[in-house]
Amino acid sequence: MKSTDTTKNTFAITTPLYYVNDLPHVGSAYTTIAVDAVARFQRLRGKSVLMVTGTDEHGQKIQRTAESLGRSPQAHCDLVVPGFESLWQQLDIKYDRFIRTTARRHEYIVKEFFQRAWDAGDIYLSRQQGWYCVSCEEFKEERELLPRNRCPIHASKEVEWRDEENYFFRLSRYQEQLLALYAERPDFIAPESRRNEVLSFVNSGLQDFSISRVNVEWGLPVPTDPNHTIYVWFDALLGYVTALLDPDSDPTLENALSKWWPVDLHAIGKDILRFHAVYWPAMLMSAGLPVPGRIFAHGFLTKDGKKMGKTEGNILDPVALVNKYGPDAVRYYFLKEIEFGQDGDFSETRFINILNAELANDLGNLLNRTLNMARKYCGGRVPNVAVENISGDNILKEMSRDLGDRVADFYEELAFSKACETVLTLVRAGNKFIDDRAPWSLYKQGQLESVEQVLYSVLESVRLASYLLAPIIPNISSAIYRQLGFSIDFNDKVAVDNLGNFATQSVWGVLPAQQVLGEVQPVFKRLELLETLPS
Ligand code: MSP
C-alpha cells in the first residue's frame, strides 16, 4: 500500500484535536509522536510539510468539567492548553499549526461551511431521542451499551437519555457516494481491518445525525437559529480546515482551502474512526469539497496488559515518562515496540530492556567503539577510503543497497516498527562485521588499508541508520551526526531542508573520507529501573 502521491511536493498531516477536559493523556502523545515522525520523514523526502495539531474545546464534556472545577469554560481551556503545548515541546514535536477550536477565526469557517451544507439542503430540524455518552460526545445505539446503561468505551460512565429538537445532517443521502469512494480508493481507510469495519457500518445503512444541541451553551451558535449550538464534532472536524489558514489571511473557506487542502493524512485512534471516515467525508461532499487523502486509525495502549483508565488507576502520565526518560526513548518505544494500527502495551521493564538493547547497545556501542578505533588507528578522521573501492561483496555495502527505499516504503505505510527493525538489521550486521573482521588484529598485522575499510564501512552504516531513524529519534541521530563530524540538528527544519534530498542521503557512501570526527560520547545512556512511574 503506497498512498502518498509522491509526485506532489506538499504534504499535510493532522493529529486529532484533543479534548481539553484534562491534561494530555498518553494516547494523545502516542498519535502526536507518530504524526511528527511522518511529518519529519516527509521533510527528509524534500516535501513542503504542514503538520497540524490542536485542541477541541467546545461541548458538554468541557462545559461540565469546567463547572465542576468552578471555572468558566474559556478559563478552563486557557489553563489546560499550555499543558499540551509544553508536552509537545518536551517530546520534540515540530508542529506547524496549533488550532484551538475557540479561536475566533474558526467561528467564521464553521459558519460558512454550515451555510454550504444548508444551501445543499442537507440540514433540517427534527426530534432526537437516544442514549448519549458525554465522554464520547456521541449517541450510542441501545445494542452497543454494556449492562446498566454503560458506555462501551467509558465503562464507568452511564449514558444519558436525550429527547430534544435538533438540527440534523442528511448523512443517509451520502451512503452511495461514500461506498463509491471506499471502492475507488481502497487505501482511503487503513489498516484493512478498520476499513472493513467502516464498510460494514456504511453497508448496513446510514442514519442522519444531529448536529446541534439546545442545552449546551458552550459551543458555536447555529447561524440560522441561535437557540441551538453546533454539535462539538461538527465544529471540531472543521478545525482541520481552519488550521490551514495562513496566520494573516482572512478567515474564509476559500483561503483556508487554497494551499493545503485536501490534507494527505488524518491519523487518529480507532475510537474516532466513524467520525473521520464516514461523517467527515459526507460533510465535505455536501459542501462540494474534496475529501482527505487517507485516514489511518491506530490501536489503543494498555499498561501492563490492562486497559488504561482513571477508574483502574493505571493511567500512564506522558509528562512523567518524558521527564524520566527523555523524548527519544519515549518516541522510540512507542513506534518500535507497538505495531501502528494494533493495540499495544506499555511495561516499564520492557521499555528499559528494549532501549538498552537497541539504542544503548546495538547502535550506541557500535558507534562508540568504532569511533574510538578511528581515533586510534586513523588520527581522529573518517578513514581515507574511496567508496568505489570497497568491494561489492562487503556485507554492509550490500545490505544498504536498497535499504533507504525499503525503509521509506515502511514510513509511507506508517509501519514504523518495520522501519526500525529494518534499520536494526544493518546495525546488528555492523556489530557482527566488526567482531568478525577484528580491526584491532588487522592493525597489529599492519594491514592498515583493511582497517580503514572496515572502520569506514561501519561508520557509514551507523550514519545511514541514524539518518533513517532521525524521524523517530532526532536527538540521538543529531548526536551521531555530530560525532561523525557533521553539524546538523535534525530538530531544525531549515537545516533538514538544506541537508540534501533523501535519494542522495539514504544511500551508502555519503560519509566524506577524512572528515574530522567529533568528540566521542555515549549517544544513549543505559537506563536502570530505579522505581516505577507513579500511576
Ligand atoms: N476531540 C476528539 C477528536 C476530534 S478530531 C477533530 C477526541 N479527543 S480525545 O482527546 O478524546 O482523543 C484523542 C485521541 O486519543 C483519539 O485518537 C483517541 O483514539 C486517542 N486515545 C485515547 N485513549 C487512548 C489510548 N488508551 N491509547 C491510544 N490512543 C487513545 O477524541
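Here, every reference points to the structure presented above.
Residues numbered from 1 in each chain as written. Predicted model: local features only at pLDDT ≥ 70, side-chain atom pairs only at ≥ 80, totals over all residues. Heavy atoms only, no water.

**Student:** Summarise the overall build of the protein chain; cite the residues concerned and give the values.
**Tutor:** Scanning the protein chain from terminus to terminus reveals 21 helices and 16 strands. Since a compact globule built from 535 residues should have a radius of gyration of about 24 Å, the 26 Å found for the protein chain is in line with a globular shape. For the protein chain, the spread of C-alpha atoms along the three principal axes comes to 90 × 50 × 40 Å. The burial tally for the protein chain puts 57% of its 535 residues in the buried class. For the protein chain, the exposed surface amounts to about 21,800 Å²; the carbon and sulfur share of it is 47%. Across the protein chain, 58 positive and 70 negative side-chain charges occur, with their mean positions spaced 4 Å apart. (Helix = DSSP H or I, 4+ residues; strand = E, 2+ residues; numbered from the N terminus. Rg over C-alpha atoms; globule rule 2.2 N^0.38 Å. Buried < 20%, exposed > 50% of the residue type's maximum accessible area, 1.4 Å probe, protein only. Areas by Shrake-Rupley, 256 points an atom, 1.4 Å probe, with all protein chains shown as cover. Lys, Arg positive; Asp, Glu negative; His and termini not counted. Charge placed at Lys NZ, Arg CZ, Asp CG, Glu CD.)

**Student:** Can you break down the site of the ligand residue by residue, with the values?
**Tutor:** In the vicinity of the ligand, 20 residues are found, and the nearest of them are Leu17, Asp56, Gly269, Asp271 and Leu301. Within the contact set of the ligand, a nitrogen atom lies 2.8 Å away from a backbone nitrogen or oxygen of Leu17. Between the ligand and Tyr19 there is a distance of 3.2 Å, counted from an oxygen atom to a backbone nitrogen or oxygen. Look at the ligand: alone it shows 670 Å² of surface, and the protein chains cover 91% of it. (Near = heavy atom within 4 Å. Polar contact = N/O pair within 3.5 Å; in protein donor to acceptor, adjacent residues only side chain to side chain.)

**Student:** Can you lay out the packing of aromatic side chains for me, pointing to particular residues and giving the numbers?
**Tutor:** If you walk through the whole model with that rule in mind, you get 37 aromatic pairs. Between Tyr333 and Phe334, the aromatic rings sit 5.8 Å apart at their centres with planes inclined by 75°, giving edge-to-face as the arrangement. Note that Arg274 overlies the ring of Phe201, its terminal NZ or CZ placed 3.8 Å from the centroid. (Phe/Tyr/Trp six-rings, centres within 6.5 Å; stacked < 30°, edge-to-face > 60°. Lys NZ or Arg CZ within 6 Å of the ring centre and 35° of its normal.)

**Student:** Explain empty space enclosed by the protein to me, and be specific about the residues and the numbers.
**Tutor:** One simple way to see leftover space: roll a probe sized like a water molecule over the atoms. This structure, assessed with the given rule, holds two cavities of 30 Å³ or more. Within this model, the largest cavity holds a volume of roughly 80 Å³. In terms of lining residues, the largest cavity is bounded by Arg40, Arg43, Leu44, Lys94, Ala470, Pro471, Phe490, Asn491, Asp492, Lys493 and Val496. For the lining of the largest cavity, the elements supplying multiple residues, two or more each, are helix 1 (26–44) and helix 20 (493–498). Broken down by element, the lining of the largest cavity gets its largest block of residues, three residues, from helix 1. Residue composition of the lining of the largest cavity, grouped by class: five nonpolar, one polar and five charged. Roughly 60 Å³ of internal volume is contained in the second largest cavity. Lining of the second largest cavity is provided by Gly59, Gln60, Tyr132, Glu137, Arg213, Val216, Trp218, Gly219, Thr229, Ile230, Tyr231 and Val232. (1 Å grid on protein atoms, 1.4 Å probe; cavity = no way out; pocket = protein on both sides within 12 Å on 5 of 7 lines; lining within 4 Å. Points joined across faces, edges and corners; volume = space filled by probe spheres on them. Nonpolar A, V, L, I, M, F, W, Y, C, P; charged D, E, K, R; others polar.)

**Student:** Tell me about the sheet that holds strand 4 (residues 123–133), residues and numbers included.
**Tutor:** Pairing is antiparallel in the open sheet, where four strands are placed in the order 5-4-6-8. On the outer flanks of this sheet lie strand 5 (138–140) and strand 8 (209–210), each paired with one strand and no other. (Pairing = 2+ DSSP bridges.)

**Student:** Please provide a residue-by-residue account of the pattern of salt bridges, values included.
**Tutor:** Taken as a whole and judged by the stated rule, the model has 32 salt bridges. A salt bridge links Arg127 to Asp163, with the shortest nitrogen-to-oxygen separation between them at 2.7 Å. A residue pair is termed long-range when its members are at least 10 positions apart, and Arg127 in strand 4 and Asp163 in strand 6 (residues 160–169) qualify at 36 residues. You can call Asp163 partly exposed: its relative accessible area is 34%. For Lys336, the salt bridge identified is with Glu421, shortest N-O distance 3.2 Å. (Salt bridge = Lys/Arg side-chain N within 4 Å of Asp/Glu carboxyl O.)

**Student:** Tell me about the nonpolar core, and please be specific about residues and values.
**Tutor:** Judged by nonpolar contacts, the single largest core of 180 residues is most densely connected at Tyr182, Phe334, Phe351 and Phe416. When residues of this core are assigned to their parent elements, the largest contribution, 14 residues, is made by helix 13 (residues 348–378). Beyond its immediate sequence surroundings of up to four residues, Phe351 is in contact with Tyr325, Ala329, Val330, Tyr333, Phe346 and Leu527. Listed in part, the six residues of the second largest apolar core include Trp131, Cys133, Leu145 and Val159. (Core = buried A, V, L, I, M, F, W, Y, C linked by side-chain atoms within 4.5 Å. Contact = heavy atoms within 4.5 Å.)

**Student:** Now, about the sheet that holds strand 9 (residues 212–213): what can you tell me, with residues and values included?
**Tutor:** Strand order across the open sheet formed by three strands is 9-11-10, with antiparallel pairing between neighbours. Every interior strand has two partners, whereas the edge strands, strand 9 and strand 10 (221–222), have only one. Note that strand 9 and strand 11 (residues 225–230) share two bridges and pair antiparallel. Following the sheet pairing, Ser212 is matched in strand 11 by Ile230.

**Student:** Tell me about the layout of surface pockets, and please be specific about residues and values.
**Tutor:** Estimated volume of the second largest pocket: approximately 610 Å³. What lines the second largest pocket is a set of 25 residues, and nearest its centre among them are Phe139, Glu141, Gln207, Arg274 and Tyr279. The set of elements that each furnish at least two residues to the lining of the second largest pocket consists of strand 4, strand 5, strand 6, strand 8 and helix 10 (273–286).

**Student:** Summarise the environment of Ala415; cite the residues concerned and give the values.
**Tutor:** Checked against the element boundaries, Ala415 lands in the loop between helix 15 (403–412) and helix 16 (416–437). A relative accessible area of 15% places Ala415 in the buried class. Sequence spacing of Ala415 and Val110 is 305 residues, and the spatial spacing of their C-alpha atoms is 34 Å.

**Student:** Go over the side chain of Thr229 with me, naming the residues and quoting the values.
**Tutor:** Considering the arrangement of structural elements, one finds Thr229 in strand 11. From its side chain, Thr229 meets the backbone oxygen of Val216 in a polar contact 2.6 Å long. Thr229 has contacts with Ile211, Ser212, Arg213, Val216, Glu217, Gly219, Leu220, Pro221 and Val222, leaving out every residue within four places of it along the chain.

**Student:** Quick rundown of the pairing of strand 1 (residues 10–19)? Include the residues and the values.
**Tutor:** Both faces of the sheet carry side chains from a regular strand, because those side chains alternate between them. The element strand 1 is extensively covered by neighbouring structure, given that nine of its ten residues are classed as buried. Sheet analysis places strand 1 next to strand 2 (residues 48–56), joined by eight bridges and oriented parallel. Bridge pairing links Ile13 to Met51 in strand 2. When strand 1 meets strand 12 (residues 265–269), the two strands line up parallel, connected through two bridges. The residue of strand 12 that forms the bridge with Ile13 is Leu265.

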